[in-house]
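Observations on the model geometry
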Amino acid sequence: MERINDLLSNPEKYDLSLQARDGLRELKRIFDGNPFFPMEPYVYAKNHLYGMYARGVISGDLMQSILSDF
């Protein structure tokens, strides 16, 4: 989650679009709001981020760097 927090704190530094910011905020909110997450956090994050990648919202490198936190 540190990587997501860093990205959201400095979106201009990483050249994040509004869609990317919204998607990352949604992912953070899901994990922060549910301490008893029903599935492996890495799997959920991977699915969420892959959807963002498939829509062209984030790059593959960014997706991998976020997943390295999980």
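Residues numbered from 1 in each chain as written. Predicted model: local features only at pLDDT ≥ 70, side-chain atom pairs only at ≥ 80, totals over all residues. Heavy atoms only, no water.

Here we come to unusual backbone geometry. Note: most residues except glycine have negative phi, and most peptide bonds are trans. The phi dihedral of Asp-15 is positive, around 55°, even though this residue is not glycine. On the secondary structure map, Asp-15 appears in the loop between helix H1 (2-9) and helix H2 (18-33). (Helix = DSSP H or I, 4+ residues; strand = E, 2+ residues; numbered from the N terminus.)

In this model, the chain carries a mean pLDDT of 93, and residues with pLDDT of at least 70 account for 100%. The element-level mean pLDDT for the chain is lowest in H2, coming to 94, with helix H4 (residues 60-67) highest at 96. (pLDDT = per-residue confidence, 0-100.)

What follows deals with the packing of aromatic side chains. Under the defined criterion, the tally for this structure stands at three aromatic pairs. Measuring from centroid to centroid gives 6.0 Å for Phe-31 and Tyr-44, while their planes differ by 90°, and the two rings are edge-to-face. Residue Phe-31 is located in helix H2, and its partner Tyr-44 is located in helix H3 (residues 41-54); the two are separated by 13 residues in the primary sequence. Relative accessible area serves as the criterion here: at 14%, Phe-31 is assigned to the buried category. With 5.9 Å between their ring centres and 45° between their planes, Tyr-50 and Tyr-53 make a pair best called tilted. Of the two residues, Tyr-50 and Tyr-53 are both situated in helix H3; the distance of three residues between them amounts to about one turn of the helix. Each residue in the set Phe-31, Tyr-44 and Phe-70 is aromatic and connected to the rest through ring pairs, giving one cluster. Stacked on the ring of Tyr-14, the Lys or Arg Arg-3 has its end atom at 4.9 Å from the ring centre. (Phe/Tyr/Trp six-rings, centres within 6.5 Å; stacked < 30°, edge-to-face > 60°. Buried < 20%, exposed > 50% of the residue type's maximum accessible area, 1.4 Å probe, protein only. Lys NZ or Arg CZ within 6 Å of the ring centre and 35° of its normal.)

Assignment of secondary structure puts His-48 in helix H3. Residue classification places His-48 among the buried residues on the basis of a relative accessible area of 15%. Dropping the residues within four chain positions of it, His-48 is found in contact with Gly-23, Glu-26 and Leu-27. (Contact = heavy atoms within 4.5 Å.)

For the rest of this paragraph, the subject is the packing of H3 against H4. Where H3 meets H4, the closest approach of the two axes is 10 Å, and the angle between their N-to-C directions is 165°. Classified by the interaxial angle, the pair formed by H3 and H4 is roughly antiparallel. Crossing angle aside, the handedness with which H3 passes H4 is right-handed. Note on element contacts: H4 touches H3 through Gly-60, Met-63, Ile-66 and Leu-67, opposite Tyr-42, Ala-45, Lys-46, Leu-49, Tyr-50 and Tyr-53. Along the lines of polarity and charge, the residues of the contact of H3 with H4 split into eight nonpolar, one polar and one charged. (Axes fitted to C-alpha atoms, helices over the stretch in contact; angles between N-to-C directions. Parallel < 35°, antiparallel > 145°, perpendicular 65-115°, else oblique. Left-handed = near helix turned anticlockwise from the far one by under 90°. Nonpolar A, V, L, I, M, F, W, Y, C, P; charged D, E, K, R; others polar.)

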